[in-house]
Amino acid sequence: RTSNRFSVVVGLTILVQCFHFLEELRSHFAIRFPEIFGLQPFAENAFVWFNVMWLVIWVIALFAVRAGRAIAVCPLWFLGLGMVLNLLAHPMLALRTGGYFPGLLTAPLVGVLGILTIGELVRVTAPETVV
């Protein structure tokens, strides 16, 4: 029961997450985030592979859901919830560090799209009711 709206919202969320990832990469999120917790920086190549892997999984899941494979909504729920977490976490991290924190600029947009993605997932996974 997916629609073009579902594909547009989820596809746009994935696309904007690409920009969010690039902002985090260029502004050294892999160094700054672990620093807050007194941890060693993430290896940049591991950070890149982790993010690219999820982007690929989400694109495949989008096509799979469109093809009728309901189980593929699972990674898309992670996408929606993760983007809402970005909406909350990046401003809090910026407040904690007293200034810009990597990913802050794109976090509001991915967060709003995450909310829209969750709305679409609720719509396409809701049981059909007969009136």
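About the thresholds
- Residues numbered from 1 in each chain as written.
- Predicted model: local features only at pLDDT ≥ 70, side-chain atom pairs only at ≥ 80, totals over all residues.
- Heavy atoms only, no water.
- Core = buried A, V, L, I, M, F, W, Y, C linked by side-chain atoms within 4.5 Å.
- Buried < 20%, exposed > 50% of the residue type's maximum accessible area, 1.4 Å probe, protein only.
- Helix = DSSP H or I, 4+ residues; strand = E, 2+ residues; numbered from the N terminus.
- Contact = heavy atoms within 4.5 Å.
- Axes fitted to C-alpha atoms, helices over the stretch in contact; angles between N-to-C directions.
- Parallel < 35°, antiparallel > 145°, perpendicular 65-115°, else oblique.
- Left-handed = near helix turned anticlockwise from the far one by under 90°.
- Nonpolar A, V, L, I, M, F, W, Y, C, P; charged D, E, K, R; others polar.
- Patch = residues over 30% accessible without salt bridge, like charges linked within 9 Å, V, L, I, M, F, W, Y side chains within 5 Å.
- Areas by Shrake-Rupley, 256 points an atom, 1.4 Å probe, with all protein chains shown as cover.
- Salt bridge = Lys/Arg side-chain N within 4 Å of Asp/Glu carboxyl O.
- Arc of directions from axis to C-beta.
- Polar contact = N/O pair within 3.5 Å; in protein donor to acceptor, adjacent residues only side chain to side chain.

Q: Explain the nonpolar core here, please?
A: Side chains that are nonpolar tend, in soluble globular proteins, to be buried together. With 28 residues, the main nonpolar core has Phe6, Val10, Ile14, Trp58, Leu76 and Leu79 as its most contacted residues. Of all the elements in the fold, those that place two or more residues in this core are α1 (4–26), α2 (29–36), α3 (44–66), α4 (73–97) and α5 (107–125). A per-element tally of this core places α3 first, with 8 residues. If sequence neighbours within four positions are ignored, Phe6 has contacts with Leu62, Val65, Arg66, Leu76, Glu120, Leu121, Arg123 and Val124.

Q: Is there a simple way to explain the environment of Val9 in this structure?
A: Note on placement: Val9 falls in helix α1. You can call Val9 buried: its relative accessible area is 14%. When the C-alpha positions of Val9 and Ile118 are compared, they lie 9.7 Å apart, and in sequence the two are 109 residues distant. Once residues lying within four places of it in the same chain are set aside, the contact partners of Val9 are Leu113, Leu116, Thr117 and Glu120.

Q: What should I look at first to understand the packing of α1 against α4 in this one?
A: The packing of two helices is summarised by the inter-axis angle and the distance between the axes. Here α1 crosses α4 at 45°, and the two axes come no closer than 11 Å. One finds that α1 runs oblique with respect to α4. The two elements α1 and α4 meet at a crossing, and its hand is left-handed. Note on element contacts: α4 touches α1 through Leu76, Leu79, Met83, Asn86 and His90, opposite Phe6, Val10, Thr13, Ile14, Gln17, His20 and Glu24. Looking at the contact of α1 with α4 residue by residue, the class counts come to 6 nonpolar, 5 polar and 1 charged.

Q: In this structure, what is going on with a nonpolar patch on the surface? I would like to understand it.
A: Together, Leu12, Leu15, Phe19 and Leu22 make up a nonpolar patch on the protein surface, roughly 370 Å² of accessible area in all. Owing to a relative accessible area of 39%, Leu12 belongs among the partly exposed residues under this scheme.

Q: Can you walk me through α2 in this structure?
A: For an α-helix, the turn length of 3.6 residues means that residues three or four places apart are oriented alike. Taken together, the buried positions of α2 are occupied by Phe29, Ala30, Pro34 and Ile36. Projected onto a plane normal to the axis of α2, the buried residues spread over an arc of 150° and lie on a single side. Of the surrounding secondary structure, the elements contacted by the buried residues of α2 are α1, α3 and α4. Positioned one or two residues after α2, Gly38 has a phi angle of 70°, which is positive.

Q: It is not clear to me how the side chain of Ser7 should be interpreted in this structure. Could you clarify?
A: With respect to the element layout, Ser7 can be found in helix α1. Looking at Ser7, its side chain comes within polar contact range of the side chain of Arg66, at 3.1 Å. Non-local contacts of Ser7, meaning those with residues more than four positions away in its chain, are made with Leu62 and Arg66.

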